[in-house]
Amino acid sequence: MNSEPFTKSCPCGSQASLDACCGRFLHGFEAAPTPETLMRSRFTAFATGTDAAIAYLVETHHPDFRPPNLESALRKGIGDTHWLTLTVRNAGAAGDSGTVDFVATYRHKGQMGEMRESSNFVREKGLWLYMNGS
Ligand SMILES: [Zn+2]
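Residues numbered from 1 in each chain as written. Predicted model: local features only at pLDDT ≥ 70, side-chain atom pairs only at ≥ 80, totals over all residues.

**Quick word on the nonpolar core**
Ranked by size, the top nonpolar core spans 28 residues in total, and within it Cys22 and Phe43 carry the most contacts. Mapped onto this core, the elements with two or more residues apiece are helix H1 (23-26), helix H2 (35-48), helix H3 (51-59), strand E1 (81-94), strand E2 (97-108) and strand E4 (127-133). Top element by residues in this core is H2. It accounts for six residues. Every residue in contact with phenylalanine 43, bar those within four places of it in the chain, is listed here: Pro11, Cys12, Trp83, Leu86 and Ala104. (Core = buried A, V, L, I, M, F, W, Y, C linked by C-beta atoms within 7 Å. Buried ≥ 20, exposed ≤ 12 C-beta atoms within 10 Å, placed from the backbone. Helix = DSSP H or I, 4+ residues; strand = E, 2+ residues; numbered from the N terminus. Contact = placed C-beta atoms within 7 Å.)

Written out as structure tokens, the structure reads:
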């Protein structure tokens with residue numbers, strides 16, 4: 001048995017370690033190759049809530065769709081919601097646009113909740129960016 005008690009599994013639920021999964025995108029070593037990998041890494045950023053994660057959430061949010069107070073809003077609110085699980089229901093890309101349908105569960109002030117979203121992504125200069133969701 002090869003147990004690695006100190007290896008943290010990725011919050012996105014992939015079963016891989018954080019470093020091998022979303023961590024390499026979050027820390028800027030690699031660009032997320034698909035809308036789904038970007039979406040998963042943004043979920044992981046919300047789940048970890050570190051300064052680096054907040055910077056990543058701002059950077060990967062398309063500037064034209066980025067609320068002006070995004071960074072301060074994230075700083076204020078990111079610790080209030082504990083993100084638990086992510087299920088990607090459908091993901092795809094055609095050329096430089098893509099969508100990801102997902103369900104995420106969380107706990108907010110002691111209450112369990114569920115968020116369902118269909119997120120839209122666009123690729124610019126080789127980088128996938130989050131636009132908006134419905
Ligand atoms: Zn991951």
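So, next bit.
**Topic: the sheet that holds strand E3 (residues 111-124)**
Taken in spatial order, the four strands of this open sheet run E1-E2-E3-E4, and their pairing is antiparallel. One side of each edge strand has no neighbouring strand; the edge strands of this open sheet are E1 and E4. Sheet twist, expressed as the mean angle between neighbouring strand axes with direction ignored, is 30°. The sheet contact formed by E2 and E3 spans twelve bridges and is antiparallel. Paired with aspartate 101 across the strands is serine 118, a residue of E3. Across the face of the sheet, H2 comes into contact with E1, E2, E3 and E4 while running at roughly 170° to E1. (Pairing = 2+ DSSP bridges. Axes fitted to C-alpha atoms, helices over the stretch in contact; angles between N-to-C directions.)

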